[in-house]
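Architecture and fold: a report
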Amino acid sequence: MFLERLGTGEGSQVSPEGKPTSFGPVAVPGNWYRGALHVHTAESDGKDSPEEVVRRYRECGYDFVVLTDHNRVTRCEAPEGILVLPGIELGCNVGPPDKYWHFVGVGIDTEPAKKLESPEDIAKFLKKQAEFVVVGHPYYSQLSAEDVRLFADCDAMEVHNTV
């Protein structure tokens, strides 16, 4: 029943003034797009070619996908029915073992000329070169809330990721 209403805004709770009082997925009327902002291909540590990854997302009803292979911008022809955006994931290990800093840049055409060794350098590069910057999987990377606060000028923080 819920999935049938998904995307229509139907079922949202609204105050007498017409303002939403619940904020589930698509609780507010508007244009909603299903997309994936952080996806790897066989060009880094994924299993499938960029074309196969895009095909699968299109078959699952996604409107867009961002290919974010490690340390490289992966390009792929966009088949009809899905938007493919260029992206990149850059990271470094700083601090205790198992503490990884990963950032995702969306809408980027340029790879760094050299390996960037600090989270500050990575964030600075992406803020200059990408259209949208995400702190990637901070929980998985064992970053603290204080670590993440250092990069409050990033556009988003990934709160859920899965294989």
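Here, the structure is the one placed above.
Residues numbered from 1 in each chain as written. Predicted model: local features only at pLDDT ≥ 70, side-chain atom pairs only at ≥ 80, totals over all residues. Heavy atoms only, no water.

1. Some points on the packing of aromatic side chains
Summed over all chains, the structure comprises three aromatic pairs. When the centroid spacing of 4.7 Å and the interplanar angle of 90 degrees are considered together, the rings of Tyr57 and Tyr62 count as edge-to-face. Owing to a relative accessible area of 23%, Tyr57 belongs among the partly exposed residues under this scheme. Looking at Tyr62, the relative accessible area reads 18%, which means it is buried. Relative to Phe151, the ring of Phe103 has its centre 5.1 Å away and its plane inclined at 70 degrees; by these criteria the two rings are edge-to-face. Here Phe103 is found in strand β4 (residues 100-106), whereas its partner Phe151 is found in the loop between α4 (145-149) and β6 (156-157), with 48 residues between them in sequence. Phe103 sits in the buried class, given a relative accessible area of 0%. Grouped by ring-pair contacts, the aromatic residues Trp101, Phe103 and Phe151 constitute a single cluster. (Phe/Tyr/Trp six-rings, centres within 6.5 Å; stacked < 30°, edge-to-face > 60°. Buried < 20%, exposed > 50% of the residue type's maximum accessible area, 1.4 Å probe, protein only. Helix = DSSP H or I, 4+ residues; strand = E, 2+ residues; numbered from the N terminus.)

2. Description of the nonpolar core
Counting 19 residues, the largest nonpolar core has Leu90, Phe103, Ile108, Ile122, Leu126 and Phe151 as the members making the most contacts within it. Contributing elements (two or more residues each) for this core: β3 (83-93), β4, α3 (119-129) and β5 (132-136). Here the element with the most residues in this core is α3; it accounts for four residues. The residues contacting Leu126, other than those within four sequence positions of it, are Ile88, Leu90, Phe103, Val104, Gly105, Ile108 and Val133. Ranked by size, the runner-up nonpolar core spans ten residues in total, among them Val39, Tyr62, Ile82 and Val84. (Core = buried A, V, L, I, M, F, W, Y, C linked by side-chain atoms within 4.5 Å. Contact = heavy atoms within 4.5 Å.)

3. Notes on unusual backbone geometry
Its identity as a non-glycine residue notwithstanding, Asn71 has a phi of 65 degrees, on the positive side. Relative to the helices and strands, Asn71 is located in the loop between β2 (64-67) and β3. Phi angles above zero are rare outside glycine, and His137 is one such case at about 25 degrees. Look at His137 and you get buried, because its relative accessible area is 7%.

4. Considerations on the pairing of strand β1 (residues 35-39)
Two elements, β1 and β2, share three bridges in a ladder whose sense is parallel. Each residue of the ladder has a partner; that of Gly35, found in β2, is Phe64. (Pairing = 2+ DSSP bridges.)

5. What about the pattern of salt bridges?
Considering all chains together, one arrives at eight salt bridges under this definition. Between Glu52 and Arg55 there is a salt bridge, with the nearest N and O atoms lying 2.4 Å from each other. Residue Glu52 and its partner Arg55 are located together in helix α2 (residues 50-59), separated by three residues, close to a single helical turn. Of the charged contacts in the structure, one is a salt bridge between Arg56 and Glu52, with a shortest N-O distance of 2.9 Å. Residue Arg56 and its partner Glu52 are located together in helix α2, separated by four residues, close to a single helical turn. Salt bridges sharing partners connect three or more residues here, namely Asp48, Glu52, Arg55, Arg56 and Glu59. (Salt bridge = Lys/Arg side-chain N within 4 Å of Asp/Glu carboxyl O.)

6. Here we look at the pairing of β2
Look at any regular strand and the pattern is simple: side chains alternate between the two faces of the sheet. Here β2 shows two buried faces, one formed by Phe64 and Val66 and the other by Val65 and Leu67. As paired strands, β2 and β3 are joined by four bridges and run parallel to one another. Across the sheet, residue Phe64 finds its bridge partner in β3, namely Leu83.

7. A look at the side chain of Thr74
The topology assignment puts Thr74 in the loop between β2 and β3. There is a polar contact of 2.5 Å between the side chain of Thr74 and the side chain of Asp69. Not counting chain neighbours up to four residues away, the residues in contact with Thr74 comprise Thr41, Glu43, Pro50, Leu67, Asp69 and Gly87. (Polar contact = N/O pair within 3.5 Å; in protein donor to acceptor, adjacent residues only side chain to side chain.)

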